[in-house]
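If you want the building blocks of each chain, they are given just below.
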Amino acid sequence: HEQFVESGGGLAQTGGSLRLACVASIKDFSRNTMGWYRQVPGKQRELVARVNFVGGVNYADAVKGRFTISRDNAKNTVYLEMNSVRPEDTAIYYCNLHPYLRQYWGQGTQVTVSS
């Protein structure tokens, strides 16, 4: 079964907010850097944000200042808070390790932002 299960996607209005969650069922979750990725049909999957084991974060320029990545190691969960969303944020969002492992790609969760 899937090592990562994403949830929280859906339809949002431009300027609105969503909170995505990813529950991990892997060993040593707290020792790994985790990332949120997104993909639009016909385009390459891109790294949106990442958080390391001591809480250090990095963001893609496209989402900097709008999205926040965080983790709860006690719950083996990583979150992505999406604020001030735009139509160009529409994509399937995935979580995985960073660097990613191919076998850990899951189904993702669809985010659609209307204008």
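Residues numbered from 1 in each chain as written. Predicted model: local features only at pLDDT ≥ 70, side-chain atom pairs only at ≥ 80, totals over all residues. Heavy atoms only, no water.

Next up on the list: the state of the cysteines. All told, the structure shown has one disulfide when counted by the stated rule. Two residues share a disulfide in this structure: Cys22 and Cys95, whose sulfurs sit 1.7 Å from each other. Taking the sign of the torsion about the S-S bond as the criterion, the disulfide between Cys22 and Cys95, at about 60°, is right-handed. With Cys22 in strand 3 (residues 18-24) and Cys95 in strand 9 (residues 91-97), this pair connects stretches of sequence that are 73 residues apart. Overall, the relative accessible area of 0% leaves Cys22 in the buried class. The buried category is assigned to Cys95, whose relative accessible area is 0%. (Disulfide = S-S within 2.5 Å. Helix = DSSP H or I, 4+ residues; strand = E, 2+ residues; numbered from the N terminus. Buried < 20%, exposed > 50% of the residue type's maximum accessible area, 1.4 Å probe, protein only.)

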